[in-house]
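# Commentary on secondary and tertiary structure
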Amino acid sequence: MIPPQFKVVRESDLTEPVATRPRVLVAEDEPTLRQILVDQLADYEVLEAVDGVEALEMTRRYRPDVVLLDWMMPEANGLEVCRALRADAATRLTPVVLLTGRNDEESKLEALGAGVNEFVSKPFSFLELQHRIRNMVTMAQAQRELAASREMLVKAEKLSSLGELSAGIMHEINNPCLLYTSDAADEDCGVEVAVGGG
């Protein structure tokens, strides 16, 4: 028995900790706004990043349900982070909300082109942001459930194919009678085989 002061840690625990509540990553370099966002998202497990590079690393490590990115951040801006997430198969489907002071159509199109799911202009309504995040969390969870179901279906199909193959092999093993090409009857199986034309 492991003493209570020690905890067994698997590598998977270190790279993808399991969240008990939906997980949201808030990437905002301005500390006051970041804290307000964290406080407003109290229903979620909130992770905090202070720049784009940290946001990208934390997204890859912790797999949040939603990533909330500020457009203008040091190290890498929100669009650069979003493009990197979309280029990585492991994070490609992670929903991204972009917060920005920009409100022009060109900026919105640039953000959508980078793969942003939601574009929220500052100043914004916290209630609206909460609803958008809740909807995205719901969609992310549904996508995970669908992927898990698809994986189970593939495994079931593989097992079914393996079962059919095994049944065919067992049939051949249980039926040792082989047809011999000779003029004599096969005494073991009681089958007479005719060879040659005649």
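What comes next is a walk through the structure. Worth saying up front: this structure is predicted, and the values here are computed from it rather than measured.

## So, the overall build of the protein chain
Looking only at helices and strands, the protein chain has six helices and seven strands in total. Listing every helix and strand of the protein chain by position from the N terminus yields α-β-α-β-α-β-α-β-α-β-α-β-β. Looking at the protein chain residue by residue over its 198 residues, the buried ones come to 30%. A total of about 13,000 Å² of accessible surface is found on the protein chain, and carbon and sulfur atoms cover 56% of it.

## Brief notes about the sheet that holds strand S1 (residues 23–27)
Across the sheet, which stays open at both edges, the five strands sit in the order S2-S1-S3-S4-S5 with parallel pairing between neighbours. Each edge of the sheet is formed by a strand with only one pairing partner; in this case those strands are strand S2 (45–49) and strand S5 (118–121). Shown here is a sheet whose adjacent strand axes are inclined to one another by a mean of 20°, direction ignored. For S1 and strand S3 (residues 66–70), the ladder comprises four bridges, and the chain directions are parallel. Pairing of Leu25 across the sheet is with Val67, part of S3. In the packing of helix H2 (residues 31–40) onto the sheet, the strands contacted are S1, S2, S3 and strand S4 (96–100), and the crossing angle to S2 comes to about 170°.

## With respect to the pairing of S2
On a regular strand, one side chain projects to one face of the sheet and the next to the other, so that they alternate. Of the strand pairs in this sheet, S1 and S2 are connected by five bridges, and their pairing is parallel. When the sheet's bridge partners are listed, Arg23 is paired in S2 with Glu45. Regarding topology, H2 serves as the crossover connection from S1 to the parallel S2, and that connection is right-handed.

Rules behind the numbers
Residues numbered from 1 in each chain as written. Predicted model: local features only at pLDDT ≥ 70, side-chain atom pairs only at ≥ 80, totals over all residues. Heavy atoms only, no water. Helix = DSSP H or I, 4+ residues; strand = E, 2+ residues; numbered from the N terminus. Buried < 20%, exposed > 50% of the residue type's maximum accessible area, 1.4 Å probe, protein only. Areas by Shrake-Rupley, 256 points an atom, 1.4 Å probe, with all protein chains shown as cover. Pairing = 2+ DSSP bridges. Axes fitted to C-alpha atoms, helices over the stretch in contact; angles between N-to-C directions. Contact = heavy atoms within 4.5 Å. Right-handed = clockwise from strand over helix to strand, strands pointing away.

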